[in-house]
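# Architecture at a glance
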Amino acid sequence: MAESGSTRPTRTVAGPSSTADPTPRAERPPAAPPPFLLDFYPLEDAKFTRLSPFFDALKEGRFTTTRCERDGLHWPPRAVCPTCHTEELVWVDLPTRGTIYAFSAVLAGAPIGMESDVPFAVGLVDLEGTSLRIFSRIVGRAWTELRVGQPVTVETYRIPDGRAFFRVRADAS
Ligand SMILES: [Zn+2]
């Protein structure tokens, strides 16, 4: 049974200045992880996913995917070929050069953990020499300077909790 009486809860409305944390961001303890469905950097360990080789490669600076000998490259990487259903797939390195097919800017309403990154760009990138079109964060230039057809390079990076992910960087013009 809930307590009552003297422990009546009070509601505090914090003003803008009272919520500012003066501690530099890099020195603060990590925030609680977001809910699973909002975690853009999924569980990477072999204990949780058969796609762990993808994340292992990212930690080594390699951008990879799976390939079915019969049906070709997949994106995103797969545990099973969606066409012929074989599980006999091989891991291959992907090209890291590409061009912007389409892009958009996030100006408000960013996902949890990305609020301070606004504004930022996301987009679809055609990977050179493949039929793959990947969705990614686009960094390196302000979104107002991005153009369809602009060359980009896929890069890997570590997120603060030690996991790895990929993004594309717009070439300097
Ligand atoms: Zn197949």
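Residues numbered from 1 in each chain as written. Predicted model: local features only at pLDDT ≥ 70, side-chain atom pairs only at ≥ 80, totals over all residues.

Next up on the list: the sheet that holds strand β6 (residues 133–139). Read around the closed barrel, five strands run β4-β5-β6-β8-β7, paired in mixed fashion. Looking at each pair of strands side by side, their axes are set apart by 50° on average, direction ignored. Sheet topology places strand β7 (residues 151–158) next to strand β8 (residues 164–170); seven bridges connect them, and they run antiparallel. Looking at the pairing, Tyr-157 lines up with Phe-165 of β8. Along the sheet, helix α2 (residues 52–59) contacts β7 and β8; its crossing angle with β8, the most-contacted strand, is approximately 60°. (Pairing = 2+ DSSP bridges. Helix = DSSP H or I, 4+ residues; strand = E, 2+ residues; numbered from the N terminus. Axes fitted to C-alpha atoms, helices over the stretch in contact; angles between N-to-C directions. Contact = placed C-beta atoms within 7 Å.)

Moving on, we come to the sheet that holds strand β3 (residues 89–93). Strand order in the open sheet made by the three strands is β2-β1-β3, with antiparallel pairing throughout. The sheet terminates laterally at β2 (72–73) and β3, the two strands that pair on one side only. Summarising the sheet, strand β1 (residues 64–68) and β3 pair through five bridges and their orientation is antiparallel. By the bridge assignment, Thr-64 is partnered in β3 with Asp-93.

Take the nonpolar core next. One finds Leu-94, Ile-100, Phe-103, Ala-121, Val-125, Leu-127, Ile-134, Ile-138, Val-152, Val-168 and Ala-170 forming the largest nonpolar core, which totals eleven residues. Taken together, the elements giving at least two residues each to this core come down to β4 (97–106), β5 (120–127), β6 and β8. With three residues, β5 is the single largest residue contributor to this core. Not counting residues up to four positions away in its chain, the partners in contact with Ala-121 are Phe-103, Ala-105, Ile-138, Trp-143 and Leu-146. (Core = buried A, V, L, I, M, F, W, Y, C linked by C-beta atoms within 7 Å. Buried ≥ 20, exposed ≤ 12 C-beta atoms within 10 Å, placed from the backbone.)

It is worth spelling out the pairing of β8 at this point. Here β6 runs beside β8; their pairing, made up of two bridges, is parallel. In the strand pairing of β8, Val-139 is matched with Arg-169.

Before going further, it helps to examine the pairing of β6. Two elements, β5 and β6, share six bridges in a ladder whose sense is antiparallel. Its bridge partner lying in β6, Ala-121 is registered against Ile-138. The loop that links β5 with its antiparallel partner β6 comprises five residues; one of these, Gly-129, has a positive phi angle of about 75°.

A few words on the environment of Glu-44. As for its placement among the helices and strands, Glu-44 is situated in the loop between α1 (16–19) and α2. We classify Glu-44 as buried; it has 20 C-beta atoms within 10 Å. As a C-alpha pair, Glu-44 and Ala-164 span 120 residues in sequence and 8.8 Å in three-dimensional space. Excluding its chain neighbours within four sequence positions, the residues that come into contact with Glu-44 are Thr-49, Ser-52, Phe-55 and Arg-163.

So, about unusual backbone geometry. Cis rather than trans, the peptide bond between Trp-75 and Pro-76 has omega equal to -5°. Considering the arrangement of structural elements, one finds Pro-76 in the loop between β2 and β3. Omega for the peptide link from Val-118 to Pro-119 comes to -5°, which places this bond in the cis form. Considering the arrangement of structural elements, one finds Pro-119 in the loop between β4 and β5. Despite not being glycine, His-85 has its phi angle at roughly 70°, a positive value.

A separate point is the environment of Glu-155. Relative to the assigned elements, Glu-155 resides in strand β7. On the basis of neighbour counts, which here come to 15 C-beta atoms within 10 Å, the residue Glu-155 falls in the partly exposed class. Sequence separation between Glu-155 and Arg-167 is twelve residues, and the spatial gap between their C-alpha atoms is 5.6 Å. Setting aside residues no more than four positions away along its own chain, Glu-155 makes contact with Phe-166, Arg-167 and Arg-169.

Of all the positions in α2, only Phe-54, Phe-55 and Ala-57 are classed as buried. Seen end-on, α2 carries its buried residues on one side only, within an arc spanning 155°. A positive phi of about 85° marks Gly-61, the residue just after α2. (Arc of directions from axis to C-beta.)

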